[in-house]
Amino acid sequence: MSELRFVQISDLHLGGRSYPGCFKMPPEKKKQRESELRASIDKLAEIVKSTNAGIVLIPGDLFDRESVDNDLVNHVAGVFAALPPVFITPGNHDYTSPGSPYSNEQRTRRGLVEWPENVYIFEDEDFATRYLPGRVDVAVTGHAFRANVPVTEHRLAKRIPRDPAEISILLLHGSRTQFAFEESQKLTLPFTAGELLAQGFSYAALGHYHTYSEIVDGPGSIRGLYGGRPFAAENGSDGLGCISGVISKAGATELERHSLDSRKTYEITVVCDNVATPEEMKKLAAKAYQESGAGAYDLARYNFCGTYLPGFSPKIDIDPEWHFASAVNFSHLRPGYDLQGLLEGADGRSASAESLFARELVGLIEQAEDEEREILEDALDYGLRALHGLDISPREVD
Ligand SMILES: [Mn+2]
């Protein structure tokens, strides 16, 4: 039975303004981080060699945008030249266009090096199939985004025409609909696990979603896989690196994850119970920091939750000495109003506007469900803040 060792990576978003894992950081650190991410390409090449892979699969978003630095593109092309065949499906971020880093026109105009012959970049929206050089038993089918415009059609609902091969690989950048609401990425090129499995590919390398997930068929073979985001991210998730494994006509086996990001990410929860000043918040953050075990080399996201007493804007900065970079999320922090007191006060003759407003909103909240309920809870929060003369700028929401 034919077998093929592979390495899969996608969604690196190289050259992104704030992604990957750049957090908000001063220019010097940003430069350092960018050079680390560039070095991860060399690390990837070492993994491809040490795992003895015969193919590299990149299902999209290798680059973050059209106007990525020449140096970075040339570096990637140079490193890839020393690898076994590399197949790339341009995603919604690194779509093919006259201005794309994959474009031949740009190559001469911008001074980019030529993409090496062992790198196969799919160029059309329609699926196309190429045989792996030297292997008539392996065919790779892929497609390309041609703009960052969401594709809504279920393109896997119809059978993808392709040449036959013992091992058939699909490279797809799109949204498995079952997870659409868990992911912040745009819904594009939607498909269901059933539609993918019905295509009968040996294996599908999937990109676009930033969390790891597998698609398994009836007998339990891995038929598709999102490798996830390779680098640490501002939402507190660790980088997932790249995946190596073996593909046969029965699916993928021997899957192994290889880290590419030497920095760990910590998600740190800071529970507030009617805090009254920024100083109190800072003390709680310091305690959470000490208990977290996260250090100066690490990346950290602080999630504040619980309640604060109205009268100040509950926002603080994290000490830049604590971590290489940090992010702060205040969106789960709620004002600790005496809501019960306000509701009781709504009955009297001298009911305040605040009490009447609270009663009205609480009545609506009790009748509402799901998203509408959340909106009304926010309305109550913003409204009470406004009545207290507090900051009502929109909160960061997940
Ligand atoms: Mn994408």
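Bear in mind the structure is a predicted one, so any value in this text is a computation, not a measurement. Positions within a chain are numbered from 1, following the residues in the order the chain's sequence is written. Local features are withheld for residues below a pLDDT of 70 in this predicted model, meaning they are given only at 70 or higher, and side-chain atom pairs are given and counted only at 80 or more; totals for whole chains, interfaces and linings count all residues.

1. Some points on the overall build of the protein
Here is step 1: Helix and strand labels come from DSSP, where a helix needs a run of H or I of at least four residues and a strand needs a run of E of at least two; each type is numbered from the N terminus. Secondary structure summary: the protein contains eight helices and 17 strands in total.
Here is step 2: Judged by the C-alpha coordinates and their principal axes, the protein covers about 85 × 45 × 40 Å.
Here is step 3: We call a residue exposed when 12 or fewer other C-beta atoms sit within 10 Å of its C-beta, buried when the count reaches 20 or more, and partly exposed for counts in between; the C-beta positions come from the backbone. Sorting the 398 residues of the protein into buried and exposed places 37% on the buried side.
Here is step 4: C-beta atoms are first placed from the backbone for all residues, and any pair lying within 7 Å is then listed as a contact. Across the protein, every contact between residues at least 6 apart in sequence was considered, and the portion connecting residues at least 24 apart equals 69%.

2. Notes on the domain arrangement of the protein
Here is step 1: Taken as a whole, the protein is organised into domain 1 (4-258) and domain 2 (265-387).
Here is step 2: An automatic or database domain assignment provides the domain bounds reported here. One C-alpha centre belongs to domain 1, the other to domain 2, and the line joining them spans 39 Å.
Here is step 3: Counting residues at the interface gives 12 residues for domain 1, matched by nine residues for domain 2.
Here is step 4: Here the term charged refers only to Asp, Glu, Lys and Arg, the term nonpolar to Ala, Val, Leu, Ile, Met, Phe, Trp, Tyr, Cys and Pro, and the term polar to all other amino acids, Gly among them. Taken together, the residues that form the side of domain 1 that touches domain 2 break down as four nonpolar, four polar and four charged.

3. Considering the sheet that holds strand β17 (residues 325-335)
Here is step 1: When DSSP finds two or more bridges between a pair of strands, those strands are recorded as paired. Sheet architecture is open: three strands sit in the order β15-β16-β17, paired in parallel fashion. The open sheet is flanked by β15 (265-275) and β17, the only strands paired with a single partner. Ignoring which end each strand starts from, the neighbouring axes of this sheet average 15° apart.
Here is step 2: Taken together, the nine bridges between strand β16 (residues 299-308) and β17 define a ladder with parallel strand orientation. Bridge pairing in β17 links Tyr 308 to Pro 335. To define axes, lines are fitted to C-alpha atoms, for helices over the stretch in contact only, and angles between the resulting N-to-C directions are given on a 0 to 180 degree scale.

4. Observations concerning unusual backbone geometry
A negative phi angle is the norm for most residues apart from glycine, just as the trans form is the norm for most peptide bonds.
Here is step 1: In this model, Asn 52 sits at a positive phi of 60°, which is unusual for a non-glycine residue.
Here is step 2: Note that Asn 52 resides in the loop between α1 (27-50) and β2 (55-58).
Here is step 3: On the basis of neighbour count, Asn 52 is assigned to the exposed category, with 10 C-beta atoms found within 10 Å.
Here is step 4: The backbone of His 208 shows a phi angle near 120°, a positive value even though the residue is not glycine.

5. Notes on the packing of helix α7 (residues 353-367) against helix α8 (residues 370-387)
Angle between the axes and distance between the axes are the two parameters that describe a pair of packed helices.
Here is step 1: Two numbers describe how α7 lies on α8: the axes approach to 9 Å, and their chain directions differ by 175°. Between α7 and α8, the angle falls in the class roughly antiparallel. Here Ala 353, Glu 354, Phe 357, Ala 358, Leu 361, Leu 364 and Ile 365 of α7 lie close against α8, whose contacting residues are Arg 373, Leu 376, Glu 377, Ala 379, Leu 380, Gly 383, Leu 384 and Leu 387.
Here is step 2: Looking at the contact of α7 with α8 residue by residue, the classes come out as 11 nonpolar, one polar and three charged. Oblique is the label for any angle not covered by the other classes, which are roughly parallel (under 35 degrees), roughly antiparallel (over 145) and roughly perpendicular (65 to 115).

6. So, the pairing of strand β12 (residues 222-226)
Here is step 1: With four of five residues buried, β12 is to be regarded as a mostly interior element.
Here is step 2: Pairing of strand β10 (residues 203-207) with β12, which is carried by three bridges, proceeds in the parallel orientation. Its bridge partner being in β12, Ala 204 is matched across the sheet by Gly 224.
Here is step 3: Hairpin connection of strand β11 (residues 213-216) to β12: five residues between the antiparallel strands, including Gly 220 at a positive phi of 95°.

7. Let's talk about the packing of α1 against helix α2 (residues 70-80)
Here is step 1: Between α1 and α2, whose axes approach to 10 Å, the crossing angle comes to 10°. Classified by the angle between their axes, α1 and α2 sit roughly parallel to one another. In this structure, α1 contributes Arg 38, Ile 41, Asp 42 and Ala 45 to the contact, and α2 contributes Leu 72, His 75, Val 76 and Val 79.

8. Remarks on the nonpolar core
Here is step 1: Nonpolar core, as used here: buried Ala, Val, Leu, Ile, Met, Phe, Trp, Tyr and Cys residues forming one set through C-beta atoms within 7 Å. If you look at the biggest cluster of nonpolar residues, it comprises 85 residues, and the most contacted ones within it are Leu 57, Phe 87 and Ile 169.
Here is step 2: Each of domain 1 (4-258) and domain 2 (265-387) gives at least three residues to this core.
Here is step 3: Apart from the residues lying within four places of it in its own chain, the contact partners of Phe 87 are Ile 55, Leu 57, Ile 58, Tyr 120, Val 140, Gly 142 and Leu 171.

9. Structural notes on the pairing of strand β1 (residues 4-8)
Here is step 1: A large share of β1 lies buried, amounting to four of its five residues.
Here is step 2: Pairing analysis gives five bridges linking β1 to strand β13 (residues 242-248), with the strands arranged antiparallel. Looking at β13, one finds that Val 7 is bridged to Ser 244.
Here is step 3: With three bridges joining them, β1 and β2 adopt parallel strand pairing. Bridging across to β2, Gln 8 finds its partner in Leu 57.

10. Brief notes about helix α5 (residues 278-292)
Here is step 1: To estimate how far a helix should extend, the number of its residues minus one is multiplied by 1.5 Å. Between its terminal C-alpha atoms α5 stretches 21 Å, which fits the 21 Å expected from 15 residues at 1.5 Å a residue.
Here is step 2: Considered for burial, the residues of α5 that qualify are Met 281, Ala 285 and Tyr 289. Projected down its long axis, α5 shows its buried positions confined to an angular sector of 75°, all on one face. Facing away from the buried side of α5 by over 90 degrees, the exposed positions are Glu 279, Lys 287, Gln 290 and Glu 291.
Here is step 3: With its phi angle positive at about 80°, Gly 293 sits one or two positions after the end of α5. Here the arc refers to the set of directions running from the helix axis out to each C-beta atom.

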